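Coordinate inspection notes
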Number of protein chains: 2
Amino acid sequence: MKDNYCVIMGGGIGSRFWPFSRESYPKQFLDFFGSGRSLLQMTFDRFAKIIPVENIYIVTNEAYAKLIAEQLPEINESQILLEPCRRNTAPCIAYASYHIKACNPNANIVVAPSDHLILKEDAFLRDVQKGLEFVKENKALVTLGIRPSRPKTGYGYIQSSDTMLGDFTKVKTFTEKPNLELAKIFQESGEFFWNSGLFLWNVNSILDAFEKFLPDITARFNLGMDKFNTPEEKDFIQENFPCCLNISIDYGIMEKADNVYMLCVDFRWADLGTWGSLHDLYKKDLNRNAILKTNAMLYECSGNIIALNDPNRLVVVQGLDDFIIAESGNVLLICKKEDEARIKEFVADAQLKYEKEFI
Amino acid sequence: MKDNYCVIMGGGIGSRFWPFSRESYPKQFLDFFGSGRSLLQMTFDRFAKIIPVENIYIVTNEAYAKLIAEQLPEINESQILLEPCRRNTAPCIAYASYHIKACNPNANIVVAPSDHLILKEDAFLRDVQKGLEFVKENKALVTLGIRPSRPKTGYGYIQSSDTMLGDFTKVKTFTEKPNLELAKIFQESGEFFWNSGLFLWNVNSILDAFEKFLPDITARFNLGMDKFNTPEEKDFIQENFPCCLNISIDYGIMEKADNVYMLCVDFRWADLGTWGSLHDLYKKDLNRNAILKTNAMLYECSGNIIALNDPNRLVVVQGLDDFIIAESGNVLLICKKEDEARIKEFVADAQLKYEKEFI
């Protein structure tokens, strides 16, 4: 138990959830479900049930240090690892791994995004514990795979093989987000699983994988080997982190390594990546309208997601189908649900036109 | 000149402009065009150019006494005539007429709504002066008629006759709002004119007409004949005004009297009655979107009216045609422009559901 660690990655901007998610207050800090806890807090709460609180780390961008400390008063400042700039998941995980290795050279680590929704928590915790046991005994990189309930194009997929090690299946390939046709074939095949982005490994296994597949990152962090978990760590990171390659752990390691195993899990998981995914999960009225946090009166409306970040307001909508209506702070967004991928474009345009005012 | 008076009717709620227009802050108090002056103030400013300021009266609901005094510091409190309840235009005009008669038994009066838009002010002022001259010399009830520029269904129409008195045409009939087919016939005939709701008469002419066509109202006001323009007026009105018939001046008098004359005018007038009428008047982008008071970024949008009552906000809209998007205070309204007549229904529903909170 004391060798078990958790790394929560909480540095994303979540611009696909704009205007709820803002650069200064990204989605992981928001309470989308009115539970009183943000996505980050719910993630922390889950892991705190099976991992010692002092072994839970948050890796995030410097800009969110204060927000994290506010939302998670349970953790010590030293458990918040700050990235001076955004370099995707591989450098983020490398940093956390080096830090944890300096604390505990036998650490078994579960790495998790801060913005996922997990509905069956008991099953989730059982699977994570099973994974931690497995990576303690096996020099394996483990990913949790979800059996697809529909041909989703927005997720990455993992192809399983016939080679098993206990309940763990050797992974054949990782694939990028497929088109709908391919996603249907994936789902029907029974061989493909959603890549949850939840990883487990022993600290030495992942550091070995970095050395093998991302040697530049390893070389860079090795320069500060004696500085991790000391007062010098911060300066070292400030200087060296920005020099790391901007690359994801999936692309940089998982797709290349030959010791990747998958545990097929069923804890009703969702990557709360977009307004559409929120619509899928949210309670809906008879006309499939999902209404978040506001008073709403709808006339001849169906399939909309209506989210006003203020419970003291009223929205009246008539004659609209399958739209996103999202308002937060000084921004109101109205766009077709099927075109939600363009929200990133809108944010970029708004930044060009108005600089930081509405971002 | 000193015999010329103006009565501005400013007691309406303007619920067709909800949520901009609120029961506590109706549309006549709003600055729709960013000119720095509300519709009421613009109306006052116009008349103040040709009528002594001390002869300009505002009749309004008690609820708006403070707003009027704030918006029109130029006038004296005694020039604000307060209705204790809503009784449509006939009792309103009767009250103002009795009050003015007590001040000046030879008064010539122009009566005007507080929410009209007039684009050619010089022509307007010339026509009003011509009308005031006419009603001084002739015992006539005068209305200003606008030659229809298109077959508008939302307006009342006036049918002219061949009988002329100077530039003034004797009116044959008033008609209610026609359907589109009829409105087309009206426009093509050349005989029909829009009823502007601007009236002129000598105080004795209108009081005689009340006696003839609305004798109950006359009887009621005659009870207080010696109280008008004295400190007792207020109590008398409090007690007697609510007993008056709820009826419009058009229906109660103008449609029935045989001394109604029309001056055909052309001062580019609009009854700013609905969001649609505002869309017609407002500056539009290449895709016919009218954007009021806000920062907006539109993608694949046409024919919309987008009005956020806050210049420090941003609205991003994608994939919407011919909608009203109006936000003010704690309410956001999104509805089809062609269904704007239903806004009254939405307001009524909101009142049922939430009482006064959003009204």
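One can find the structure itself at the top, above this paragraph.
All of the points below concern the structure found in this document. The structure displayed is predicted, hence computed values, not measured ones. (Residues numbered from 1 in each chain as written. Chains lettered and ligands numbered in written order. Predicted model: local features only at pLDDT ≥ 70, side-chain atom pairs only at ≥ 80, totals over all residues. Heavy atoms only, no water.)

A short note on the overall build of chain A
Our working definition: The secondary structure listing takes helices from DSSP runs of H or I that are at least 4 residues long and strands from runs of E that are at least 2 residues long, numbered from the N terminus. Here the globule rule reads 2.2 Å times residues to the power 0.38, and the radius of gyration is calculated from C-alpha atoms. Between buried and exposed lies partly exposed: a residue is buried under 20% and exposed over 50% of the maximum accessible area for its type, with that area taken using a 1.4 Å probe on protein chains only. Only heavy atoms matter for contacts: two residues are in contact if any of them lie within 4.5 Å across the pair.
Along its length, chain A carries 11 helices and 17 strands. What you see for chain A is a C-alpha radius of gyration of 21 Å, in line with the 21 Å of a compact globule of 359 residues. Each principal axis of the C-alpha distribution contributes one length, and for chain A these read about 60 × 45 × 35 Å. Burial analysis of chain A (359 residues in total) assigns 58% to the buried set. For chain A, contacts bridging at least 24 residues in sequence account for 66% of all contacts bridging at least 6.

Points about the relation of the copies chain B and chain A
So the rule is basically this: What sets the superposition is a least-squares fit of C-alpha atoms, and only residues with pLDDT of at least 70 in both copies go into it.
Rotating chain B by 180° and translating it 0.0 Å along the rotation axis places it on chain A, where the RMSD comes to 0.0 Å. Taken together, these values place the two copies in the relation of a two-fold axis. Among all C-alpha atoms of chain B, that of L320 of chain B lies closest to the rotation axis, at 4.6 Å. Here 100% of the interface residues in chain B have copies in chain A that are interface residues too; the copies meet face to matching face.

Observations concerning the packing of helix 3 (residues 89-103) of chain A against helix 7 (residues 215-222) of chain A
Residues and elements named next belong to chain A. Applicable threshold: Fitting a line to C-alpha atoms yields each axis, with helices limited to the stretch in contact; the angle taken between N-to-C directions then spans 0 to 180 degrees. Note on terminology: angles under 35 degrees are roughly parallel, angles over 145 are roughly antiparallel, angles of 65 to 115 are roughly perpendicular, and the others are oblique. Two helices that cross are described as forming a left-handed crossing if the nearer one is turned anticlockwise from the farther one by less than a right angle, and a right-handed crossing if clockwise.
Remark: helix 3 packs on helix 7, axes separated minimally by 11 Å, with the N-to-C direction vectors making an angle of 40°. In terms of axis orientation, helix 3 runs oblique to helix 7. Along this stretch, helix 3 crosses helix 7, giving a crossing that reads as right-handed. Contact residues: helix 3 offers A90, P91, A94, Y95 and Y98, while helix 7 offers I217, T218, F221 and N222.

What to know about the sheet that holds strand 16 (residues 323-328) of chain A
How we decide: Two strands are said to pair when DSSP picks up at least two bridges between them.
Strand order in the open sheet formed by 6 strands is 12(A)-14(A)-16(A)-17(A)-15(B)-13(B), and the pairing between neighbours is mixed. Only two strands of the sheet have a single neighbouring strand rather than two, namely strand 12 (290-292) of chain A together with strand 13 (295-299) of chain B. Neighbour to neighbour, the strand axes of the sheet diverge by 5° on average, direction disregarded. The pairing of strand 16 of chain A with strand 17 (residues 331-336) of chain A spans 6 bridges and is classified as antiparallel. Its bridge partner being in strand 17 of chain A, F323 of chain A is matched across the sheet by K336 of chain A. Against the sheet, helix 11 (residues 343-354) of chain A makes contact with strand 16 and strand 17 of chain A together with strand 13 and strand 15 (314-318) of chain B, and its axis sits at roughly 140° relative to strand 13 of chain B, the strand it touches most.

As for the interface of chain B and chain A
Heads up, the condition is: Here the quantity called buried area is the accessible surface, traced with a 1.4 Å probe, that two parts lose on coming together, added over both. Should a side-chain nitrogen of Lys or Arg be within 4 Å of a carboxyl oxygen of Asp or Glu, the pair is scored as a salt bridge.
The partner chain A presents 37 residues to the 37 residues of chain B that form the contact. For the pairing of chain B and chain A, the buried interface totals around 3000 Å² over both sides, and the portion due to carbon and sulfur atoms is 56%. Put simply, chain B and chain A have 4 salt bridges between them. As a salt-bridge pair, E327 of chain B and R313 of chain A come within 3.3 Å of each other at their nearest N and O atoms.

Re the packing of aromatic side chains
Residues and elements named next belong to chain B. Quick note on the threshold: The criterion for an aromatic pair is that two Phe, Tyr or Trp rings (for Trp, the six-membered ring) have centres within 6.5 Å, with stacked assigned to planes under 30 degrees apart, edge-to-face to planes over 60 apart and tilted to the rest.
Using the criterion set out here, one finds 52 aromatic pairs over all chains in the structure. On the numbers, 6.1 Å between centres and 10° between planes, the contact of F20 with F32 is stacked. Highlighted residues: F20 in the loop between strand 1 (4-9) and helix 1 (39-48) and F32 in the loop between strand 1 and helix 1, separated in sequence by 12 residues. On the basis of relative accessibility, which here comes to 2%, the residue F32 falls in the buried class.

A closer look at the pattern of salt bridges
Tallied over the entire structure, the rule returns 32 salt bridges over all chains. For E300 of chain A, the salt bridge identified is with R342 of chain B, shortest N-O distance 2.8 Å. Here E300 of chain A, found in the loop between strand 13 (295-299) and strand 14 (305-308), pairs with R342 of chain B, found in the loop between strand 17 (331-336) and helix 11 (343-354), and the two come from separate chains. By relative accessible area, E300 of chain A is classed as partly exposed at 48%. In this structure R342 of chain B comes out as partly exposed when scored by relative accessible area, which is 22%. Close ionic contact of K2 of chain B with D3 of chain B constitutes a salt bridge, the shortest N to O distance being 3.3 Å. Among the charged side chains, a salt-bridge network with shared partners connects R313 and E327 of chain A together with R313 and E327 of chain B.

Looking at the state of the cysteines
Simply put, the disulfide is a covalent bond whose two ends are the sulfur atoms of two cysteines. Residue and element names in this part refer to chain B. Let me state the cut-off plainly: The criterion for a disulfide is a pair of cysteine sulfur atoms lying within 2.5 Å.
If you walk through the whole model with that rule in mind, you get 0 disulfides over all chains. Just so you know, C6 is unpaired, no disulfide at all, and the nearest cysteine sulfur is the one on C92, 12 Å from it. With no disulfide partner, C103 has as its closest neighbouring cysteine sulfur the one in C6, 14 Å distant. Judged by relative accessible area, C103 falls into the partly exposed class, the value being 30%.

Structural notes on the nonpolar core
We apply this condition: Among buried residues, the Ala, Val, Leu, Ile, Met, Phe, Trp, Tyr and Cys ones that are joined through side-chain atoms within 4.5 Å form a nonpolar core.
By size, the foremost hydrophobic cluster in this structure holds 77 residues, and its most contacted members are W18, F32, F47, F267 and W275 of chain A. Counting residues per element, this core draws most heavily on helix 4 (residues 121-137) of chain A, which supplies 7 residues. In contact with F267 of chain A, other than residues within four places in its own chain, are I118, L119, K120, A123, F124, D127, L144, I146 and L198 of chain A. With 46 residues, the next largest nonpolar core counts I8, I50, V142 and V265 of chain B among its residues.

Concerning the environment of A96 of chain B
Residues and elements named next belong to chain B. Within the fold, A96 resides in helix 3 (residues 89-103). A96 gets classed as buried once you look at its relative accessible area, which sits at 2%. Through-space distance from the C-alpha of A96 to that of T230 is 14 Å; in sequence the pair is 134 residues apart.

Focus on the sheet that holds strand 16 (residues 323-328) of chain B
Ordered in space as 13(A)-15(A)-17(B)-16(B)-14(B)-12(B), the 6 strands form an open sheet in which the pairing is mixed. Looking at which strands have only one partner, the edges of the open sheet turn out to be strand 13 of chain A together with strand 12 (290-292) of chain B. Adjacent strand axes in the sheet meet at a mean angle of 5° when their direction is disregarded. In the sheet, strand 12 of chain B pairs with strand 14 (residues 305-308) of chain B via 3 bridges, with the strands oriented parallel. Each bridged residue has a counterpart across the sheet, and for L292 of chain B the counterpart in strand 14 of chain B is A307 of chain B. Most of the contacts of helix 11 of chain B go to strand 13 of chain A, to which it runs at about 140°, and overall it touches strand 13 and strand 15 (314-318) of chain A together with strand 16 and strand 17 of chain B.

Focus: unusual backbone geometry
Of note, the bond from W18 of chain A into P19 of chain A is cis; its omega dihedral lies within 30 degrees of zero at 5°. Here P19 of chain A shows up in the loop between strand 1 (4-9) and helix 1 (39-48). In this structure, K293 of chain A is a non-glycine residue whose phi angle is positive, near 60°. Inspection of the secondary structure puts K293 of chain A in the loop between strand 12 and strand 13. If you check the backbone angles, E300 of chain B has positive phi at about 50° while not being a glycine.

A few points about the pairing of strand 3 (residues 80-83) of chain B
Taken residue by residue, a regular strand's side chains alternate between the two faces of the sheet. All names here are of chain B. So the rule is basically this: With its strands directed away from the observer, a crossover is right-handed exactly when the path from the first strand over the helix to the second travels clockwise.
Examined bridge by bridge, strand 2 (residues 56-61) and strand 3 share 4 bridges and lie parallel to one another. Bridging across to strand 3, I58 finds its partner in I80. Each parallel crossover has a hand, and for strand 2 linked through helix 2 (residues 65-71) to strand 3 it is right-handed.

Notes on helix 8 (residues 233-240) of chain B
In an α-helix, one full turn covers 3.6 residues, which means residues spaced three or four apart are oriented alike. All names here are of chain B. Under the convention used in this document: The arc refers to the directions leading from the helix axis to the C-beta atoms.
All buried positions along helix 8 are accounted for by E233, F236, I237 and N240. Seen along its axis, helix 8 keeps its buried residues to an arc of 95°; they face one direction. Exposed and oriented more than 90 degrees from the buried face of helix 8 are K234, D235 and E239. The elements touched by buried residues of helix 8 are strand 3, helix 3 and helix 7 (215-222).

In short, the description is geometric, and any link to function would need to be established separately.
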